[in-house]
Amino acid sequence: MTAQILDGKAVAEQRLQKIAEQVAKRRKQGLRTPCLAVVLVGNDPASTVYVRNKKFACEKASFASRSYELPASTTQEELLQLIDELNASPAVDGILVQLPLPPHLNSQSIIERIQPDKDVDGFHPYNVGRLAVRMPLMRPCTPKGVMTLLETYGVEIRGKKVVIVGASNIVGRPQALEMLLAEATVTVCHKATQNLEHEVSEADIVIVAAGKPKLVKGSWIKPGAIVVDVGINRLDNGQLCGDVEFEAAKERAAMITPVPGGVGPMTIATLLENTLYAATLHDKPAA
């Protein structure tokens, strides 16, 4: 058996096209074009690529975008001041501060300074908390993108055993909340988990977001399972790979995401969906 590829790139393109159609409809109704403000501090190469991809996606979706590229020497106070200005601007619907930030900046306090209804990354504790109590507002982009991808391919989640490898605030924890919302039975594995191989081998759906190249071996995958690889790692030879041993895993799984071209494009498409949703929250009622 060779797994069906979950083509996140193709699904993301479809989503961006739908967003562009909704933006055109808004314009005909006399409503504002959604606007995303992206803040980049320093010149981390990976972050620079991510920000460029987000700008391209804004163009495809006919969004307005603002770019703030700040030096690595930017202080906490200067960055907080910029966020306050963007929070106060009625022209800005979404604020994204690209992570990771330089080590002298406190990422958590920066995230918490963003107004929750402009937190289109979905990282603010208010938004994660709402997801936890089954009242989502801005849903974290990568976990929501994973749900959209699985839904598009008709994957049944309710009642399935889902194992998530990685417990980060950005992916693992909110992904568990998304799966609970979909009525899956969820296990979250982390660095203290004993016998990771056993946990993975029991899963109907495996989602790996550990940031470790080929951590999950293909032989661990239960035949017929769904494998979602969130990781993206650059090897010494320059090649990109995920957190799953792809070639071996695809011979056992029913469906699997590639790296690249799987979850990454879905994250960006979801970011724009969140920004469009934020714009609807900011629409002024008719007088």
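Higher on the page you've got the structure.
All figures in this text were calculated on a predicted structure; none of them were measured in a lab. Each chain carries its own residue numbering, running from 1 in the written order of its sequence. With the structure being a predicted model, the display of local features is reserved for residues of pLDDT at least 70 and the display and counting of side-chain atom pairs for 80 or more, all residues being used for whole-chain, interface and lining totals. Here the side-chain values reflect all heavy atoms present in the structure, with hydrogen atoms and water set aside.

Structural notes on the overall build of the protein
The secondary structure listing takes helices from DSSP runs of H or I that are at least 4 residues long and strands from runs of E that are at least 2 residues long, numbered from the N terminus. Summing up its helical and strand segments, the protein has 10 helices and 11 strands in all. For 287 residues, the compact-globule formula gives about 19 Å, and the C-alpha radius of gyration of the protein, at 19 Å, lands near that figure. Accessible area is worked out with a 1.4 Å probe on protein chains only. A residue is then buried under 20% of its type maximum, exposed over 50%, and partly exposed in between. Looking at the 287 residues of the protein, the share that counts as buried comes to 47%. Pairs of residues are marked as contacts when any of their non-hydrogen atoms sit within 4.5 Å. The contacts in the protein between residues at least 6 apart in sequence include a share of 73% that link residues at least 24 apart. Taken as a whole, the protein presents about 13,700 Å² of accessible surface, with 52% of it coming from carbon and sulfur. The charge count includes Lys and Arg as positive and Asp and Glu as negative, but it does not include His or the ends of the chains. A charge is said to be at NZ when it belongs to Lys, at CZ for Arg, at CG for Asp and at CD for Glu. Both charge centroids of the protein, one from 32 positive and one from 31 negative side chains, sit 4 Å from each other. Both definitions apply: the radius of gyration is a C-alpha atom measure, and the globule rule equals 2.2 Å times residues to the power 0.38. Only the protein chains shown count as cover for residues, with accessible areas throughout obtained via the Shrake-Rupley method and a probe of 1.4 Å.

Remarks on the environment of K54
With respect to the secondary-structure elements, K54 resides in helix 2 (residues 45–60). A relative accessible area of 11% places K54 in the buried class. Spatially, the C-alpha atoms of K54 and L36 are 9.5 Å apart, while their sequence positions differ by 18 residues. Polar contact is defined as a pair of N or O atoms within 3.5 Å, subject to the rule that within protein one atom must be able to donate a hydrogen and the other to accept it, and that residues adjacent in sequence are counted only when both atoms are side-chain atoms. Polar contacts involving the side chain of K54 include one to the side chain of Q98, which spans 2.7 Å.

A closer look at the state of the cysteines
The disulfide definition used here is simple: a pair of cysteine sulfur atoms within 2.5 Å. Under the definition given, this model contains zero disulfides. In this structure C58 is not part of a disulfide, and its nearest cysteine sulfur, from C35, lies 8.2 Å away. A relative accessible area of 2% means that C58 is categorised as buried. With no disulfide partner, C241 has as its closest neighbouring cysteine sulfur the one in C189, 20 Å distant.

Digging into empty space enclosed by the protein
A cavity here means a set of points on a 1 Å grid, drawn over the protein atoms and nothing else, where a 1.4 Å probe fits but cannot get out; a pocket is an open set with protein on both sides within 12 Å along at least five of seven lines, and a residue lines either one if it has an atom within 4 Å of a point. Grid points are joined across faces, edges and corners, and a volume is the space filled by probe spheres set on the points. Tallying each qualifying case throughout the model produces one cavity of 30 Å³ or more. For the largest cavity, the calculated volume is near 70 Å³. In terms of lining, the largest cavity is formed by I95, L96, V97, L99, I110, I111, I114, D119, D121 and F123. Those elements giving two or more residues to the lining of the largest cavity turn out to be strand 4 (94–97) and helix 4 (107–113). Among the elements that make up the lining of the largest cavity, the one with the highest residue count is strand 4 (three residues). Residue classes follow a fixed rule: Ala, Val, Leu, Ile, Met, Phe, Trp, Tyr, Cys and Pro count as nonpolar, while Asp, Glu, Lys and Arg count as charged, and any other residue, Gly among them, counts as polar. Here the lining of the largest cavity is composed, by residue class, of eight nonpolar, no polar and two charged.

Quick notes on the pairing of strand 4
Burial of the side chains of strand 4 extends over both faces: G94 and L96 are buried on one face and I95 and V97 on the other. Pairing between two strands requires that DSSP report at least two bridges joining them. Here four bridges tie strand 2 (residues 35–41) to strand 4, and the two strands are oriented parallel to one another. Note on strand 4: the bridge partner recorded for V38 is L96.

A word on the sheet that holds strand 3 (residues 64–70)
Read across the sheet, three strands follow the order 3-2-4 without closing on themselves; strand pairing throughout is parallel. Of all strands in the sheet, those with a lone pairing partner are strand 3 and strand 4, marking the two edges. Pairs of neighbouring strands in the sheet enclose a mean axial angle of 15°, with direction left out of account. Here strand 2 pairs with strand 3 via seven bridges, running parallel. Bridging across to strand 3, C35 finds its partner in A64. Inter-axis angles, ranging from 0 to 180 degrees, are taken between N-to-C directions of lines fitted to C-alpha atoms, where helices are fitted over the stretch in contact.

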